[in-house]
Amino acid sequence: MGEMKAPLDRKAYTSVSTTTGGEYEGGRLLTAPAHQAPPETNDMIWDDDFFDGDSEVLAVFDFDYVTMEDFYTSTGWAYLLGTMIYPPVFVLAVAGLTPCFLKRNVQWNVRAQHVAITRDGIRFVRDRRKTCWGLPCTDAGRSSKTVPFDKITDCDIEEPAGATCICIKNVLATVNIDTASSGGPQKELRISGLKDPHSFKKLVWAMKRLNAQQIAAVASTGGAAAFPLGSSPVPASIIRDGGDNAGGDGGDAASVAVLLREIRDELRELRKAGQVNGSVGASVTSVVDGIELHEVDKKGE
């Protein structure tokens, strides 16, 4: 577990190139790309060193592992005792050594969870872990899920209240992440047991606003100029040379221009219907206009 460090100096965020990755030491972010570090990341400290060395990570949020273990172990025993009303199920559970390995299974599962805020979205990871009887043949593999900021439609917190199994008090807050493809009871991502869910929610919305500002910057600067080097949504050769570098005869650029015109026209129709953000259509329009002007210049030569 990483050593807790002193609060990070704000200068570390403003003096780093926008194309430089972050630096870490013992679960602590030392430097981060200035264009991807909102003020909400200032003074953040965490213990989880799982993401150390990952330059895409801006902040890590700790789980309250001890509280999670106590809660899930208690509910596990309650569910196990509840099976006594179905003797065959209870006998199978006892025969499978469930009482002996219940707490260890909870610990393996809980401590395999890690969550971080990256440049692109929310990254939730369940690391490789033991299950059942702890044998190598029963191991569960690592899984990872990233929810992009531009896909998030809602991020809210479900505060703990009431009790589970009548007698076990609910003590874990749950962060619910929704996207356009989820909603209602079906959530894109549910994260329970964070020590500071409110700071997590605040940073998620800050990053979403930052992404929206970058999209608006694209519209105002006419294309890829607002993006850091290597992250432009359209190849620089198309905008700069009309695609001559790609194929030599400009044929690829012409086909790309036709495709972009179709996208532009469709976005205009959707914008009229109120189904798309105007800045998105404006950014595509600016790229298309740049290609068309280049084609006119080439014909005049």
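On a predicted model such as this, the values are computed, not experimentally measured, just so you know.

**Quick look at the confidence of the model for the protein chain**
Part 1 of the argument: When the pLDDT values of the protein chain are averaged, the result is 77; 64% of them are 70 or greater.
Part 2 of the argument: Per-residue pLDDT stays below 50 along residues 31-35; that stretch engages in 25 contacts with residues further than four places along the chain or on separate chains.
Part 3 of the argument: In the predicted structure, residues 224-249 sits below a pLDDT of 50 and forms 34 contacts with residues beyond four places in sequence or in another chain.

**Observations regarding a nonpolar patch on the surface**
Part 1 of the argument: Taken together, the side chains of Ile85, Tyr86 and Val89 present a nonpolar region at the surface, about 340 Å² in accessible area.
Part 2 of the argument: Considering the arrangement of structural elements, one finds Val89 in helix α3 (residues 87-95).

**Section: the layout of surface pockets**
Part 1 of the argument: In this model, the second largest pocket occupies a volume close to 330 Å³.
Part 2 of the argument: Put simply, the parts of the chain that give the lining of the second largest pocket at least two residues each are α2 (65-82), β5 (121-126) and β11 (189-192).
Part 3 of the argument: Considering every element that reaches the lining of the second largest pocket, the biggest residue donor is β11, with 4 residues.
Part 4 of the argument: A breakdown of the residues in the lining of the second largest pocket according to their chemical character gives 10 nonpolar, 5 polar and 4 charged.

**Quick word on α2**
Part 1 of the argument: Its 18 residues place the ends of α2 25 Å apart at the C-alpha level, agreeing with the 26 Å of an ideal helix rising 1.5 Å per residue.
Part 2 of the argument: Along α2, the residues that are buried comprise Tyr65, Met68, Glu69, Phe71, Thr73, Thr75, Gly76 and Leu80.
Part 3 of the argument: On its buried side, α2 packs onto α3, α4 (98-110), β4 (113-118), β8 (163-164), β9 (168-169) and β11.

**A short note on the sheet that holds strand β7 (residues 152-158)**
Part 1 of the argument: Strand order in the open sheet made by the 3 strands is β7-β10-β11, with antiparallel pairing throughout. Looking at strand neighbours, the two that pair on one side only are β7 and β11, the edges of this open sheet. Strand-to-strand twist in this sheet, taken as the mean axis angle between neighbours without regard to direction, amounts to 15 degrees.
Part 2 of the argument: The sheet contact formed by β7 and strand β10 (residues 174-179) spans 6 bridges and is antiparallel. When the sheet's bridge partners are listed, Glu158 is paired in β10 with Thr174.

Calculation rules
Residues numbered from 1 in each chain as written. Predicted model: local features only at pLDDT ≥ 70, side-chain atom pairs only at ≥ 80, totals over all residues. Heavy atoms only, no water. pLDDT = per-residue confidence, 0-100. Contact = heavy atoms within 4.5 Å. Patch = residues over 30% accessible without salt bridge, like charges linked within 9 Å, V, L, I, M, F, W, Y side chains within 5 Å. Areas by Shrake-Rupley, 256 points an atom, 1.4 Å probe, with all protein chains shown as cover. Salt bridge = Lys/Arg side-chain N within 4 Å of Asp/Glu carboxyl O. Helix = DSSP H or I, 4+ residues; strand = E, 2+ residues; numbered from the N terminus. 1 Å grid on protein atoms, 1.4 Å probe; cavity = no way out; pocket = protein on both sides within 12 Å on 5 of 7 lines; lining within 4 Å. Points joined across faces, edges and corners; volume = space filled by probe spheres on them. Nonpolar A, V, L, I, M, F, W, Y, C, P; charged D, E, K, R; others polar. Expected span 1.5 Å × (residues − 1). Buried < 20%, exposed > 50% of the residue type's maximum accessible area, 1.4 Å probe, protein only. Pairing = 2+ DSSP bridges. Axes fitted to C-alpha atoms, helices over the stretch in contact; angles between N-to-C directions.

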